[in-house]
Amino acid sequence: MAASASAGPGFLSPTGVEIAFVLVGLATLGAAVVTVTTKQLVHAALWLVVALGGIAVEYLLLTAEFIAWVQVLIYLGSVVVLLLFGLMLTKAPIGRSPDADSGNRWVALGVAVTAAVALVWVVVDAFRTTWIDLDGPVQGSTKVSGEILFQHWVLPFEALSVLLLAALIGAIVLSRRTGPADAEAGTPAATAADARDKGQR
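Within every chain, residues take consecutive numbers counted from 1 along the sequence as written. Local features in this predicted model are restricted to residues of pLDDT 70 or higher, and side-chain atom pairs are both shown and tallied only at a pLDDT of 80 or more, whereas totals for entire chains, interfaces and linings draw on every residue. Side-chain measures were taken over the full set of non-hydrogen atoms in the model, leaving aside hydrogen atoms and water.

## Notes on the overall build of the protein chain
Here is step 1: Runs of E in the DSSP output that reach at least two residues are strands. Runs of H or I that reach at least four are helices, and both are numbered from the N terminus. A tally of helices and strands in the protein chain yields nine helices and zero strands.
Here is step 2: Listing the helices and strands of the protein chain from first to last along the sequence gives α-α-α-α-α-α-α-α-α.
Here is step 3: Note on classification: 1.4 Å probe, protein chains only; a residue is buried when its accessible area is under 20% of the maximum for its type, exposed when over 50%, partly exposed between these limits. Across the 201 residues in the protein chain, those meeting the buried criterion constitute 10%.
Here is step 4: Intrachain contacts of the protein chain at a sequence separation of at least 6 include 70% that bridge at least 24 residues.
Here is step 5: Here, Shrake-Rupley sampling with a 1.4 Å probe gives the accessible areas, and only protein chains in the shown set may cover a residue. Only carbon and sulfur atoms are counted for the fraction: they give 72% of the accessible area of the protein chain, which is about 15,400 Å². Residue contacts are defined here by distance: any two heavy atoms, one from each residue, within 4.5 Å place the two residues in contact.

## Description of the packing of helix α2 (residues 16–37) against helix α3 (residues 41–61)
Here is step 1: Throughout, an axis means a line fitted to C-alpha atoms (over the contacting stretch in the case of helices), and angles, computed between N-to-C directions, take values from 0 to 180 degrees. Their axes nearest at 8 Å, the elements α2 and α3 cross at an angle of 160°. Here α2 lies roughly antiparallel to α3, going by the angle between them. Both α2 and α3 take part in a crossing whose hand is left-handed. Contacts between α2 and α3 pair Val 17, Ala 20, Phe 21, Val 24, Gly 25, Thr 28, Ala 31, Ala 32, Val 34 and Thr 35 from the former with Ala 44, Trp 47, Leu 48, Val 50, Ala 51, Gly 54, Ile 55, Val 57, Glu 58 and Leu 61 from the latter.
Here is step 2: Side-chain classes are defined by residue name, with Ala, Val, Leu, Ile, Met, Phe, Trp, Tyr, Cys and Pro counting as nonpolar, Asp, Glu, Lys and Arg as charged, and the others, Gly among them, as polar. Residues of the contact of α2 with α3, tallied by class, amount to 15 nonpolar, four polar and one charged. Here roughly perpendicular refers to angles of 65 to 115 degrees, roughly parallel to angles under 35, roughly antiparallel to angles over 145, and oblique to all remaining angles. Should the near helix be turned counterclockwise from the far one by less than a right angle, the crossing is left-handed, whereas a clockwise turn marks it as right-handed.

## What to know about the confidence of the model for the protein chain
Here is step 1: Within a predicted model, pLDDT stands for the predictor's per-residue confidence, ranging from 0 to 100. The share of residues in the protein chain with pLDDT of 70 or more is 69%, and the mean pLDDT across the chain is 75.
Here is step 2: Of all the helices and strands in the protein chain, helix α1 (residues 2–7) carries the lowest mean pLDDT, 49, while α2 carries the highest, 90.
Here is step 3: When the criterion is pLDDT under 50, residues 1–5 qualifies, and its contacts beyond four places in sequence or with other chains add up to zero contacts.

## Some thoughts on α3
Here is step 1: Taking 1.5 Å of rise per residue, the 21 residues of α3 would be expected to cover 30 Å, and the 30 Å separating its terminal C-alpha atoms lies within 8% of that figure.
Here is step 2: Within the span of α3, buried status applies to Ala 44, Ala 45, Ala 51, Leu 52, Gly 53, Gly 54, Ala 56 and Glu 58.
Here is step 3: Residues of α3 that are buried make contact with α2 and α4 (65–89).
Here is step 4: At the exit of α3 stands Thr 63, carrying a positive phi of roughly 60°. Expected helix span is computed as 1.5 Å times (number of residues minus one).

## Considerations on the packing of α3 against α4
Here is step 1: The N-to-C vectors of α3 and α4 enclose an angle of 175°; their axes lie 8 Å apart at closest approach. One finds that α3 runs roughly antiparallel with respect to α4. Side by side, α3 and α4 meet where Leu 41, Val 42, Ala 45, Leu 48, Val 49, Leu 52, Gly 53, Ile 55, Ala 56, Tyr 59 and Leu 60 of the first sit next to Glu 65, Ile 67, Ala 68, Gln 71, Val 72, Tyr 75, Leu 76, Val 80, Leu 83, Leu 84 and Leu 87 of the second.
Here is step 2: By residue class, the composition of the contact of α3 with α4 is 19 nonpolar, two polar and one charged.

## What to know about a nonpolar patch on the surface
Here is step 1: Nonpolar side chains (Val, Leu, Ile, Met, Phe, Trp, Tyr) are joined into patches within 5 Å and like charges within 9 Å, using only residues with over 30% relative accessible area and no salt bridge. Salt bridges are defined by distance alone: a side-chain nitrogen of Lys or Arg within 4 Å of a carboxyl oxygen of Asp or Glu. A surface patch of nonpolar side chains, amounting to about 530 Å² of accessible area, comprises Ile 19, Phe 21, Val 22, Leu 23, Leu 26 and Leu 62.
Here is step 2: Overall, Leu 26 belongs to the exposed group, its relative accessible area being 53%.

## Some words on the side chain of Thr 35
Here is step 1: Tracing the sequence through the fold places Thr 35 in helix α2.
Here is step 2: The class for Thr 35 is buried, based on a relative accessible area of 17%.
Here is step 3: Leave out the neighbours within four places in its chain, and Thr 35 touches Ala 44, Trp 47 and Leu 48.

## Points about the side chain of Gln 71
Here is step 1: Relative to the assigned elements, Gln 71 resides in helix α4.
Here is step 2: With residues near it in sequence (within four places) discarded, Gln 71 still touches Leu 52, Ile 55, Ala 56, Tyr 59 and Leu 76.

Rendered as structure tokens:
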């Protein structure tokens, strides 16, 4: 009995929370795959909502309630809305877009697999002998997260803020850029021609 008590948790006796974590993770992975493979841009944005919501549920299962609600408020409430506004401002096609595939699927797959392997390796190496006590005190509370964020991760946090600001400015510039047809339509000659056509009609 003492030997089994000192053995600690194991992978052969998963709890209900661990099973739910795996199932939600598989659903999130499926939504992410559909997001990058669908040919309808609006559907991709909606599947992205499902993927980000699944990540928030994973945070809840890891007893990180504060991080989970930050995920919901920032990503689901702001980033996805920004993507939808970007689609509308750039007049992206609403229906099926056959030209949405750039033909670089194998390159994108290689980059995605490499990034996934690197991320898994970093996480496993960092938390190799660490176990989260789901029945213990909350690990992702506001106090703990604030101390870690503003003591050890201030510079990356500010760099991410600048990156998001640059992305927003780039979206605004792209949405306001006029093409050759629009520039020709705005010239005085084109305006006079339109006026003559309307007068003849």
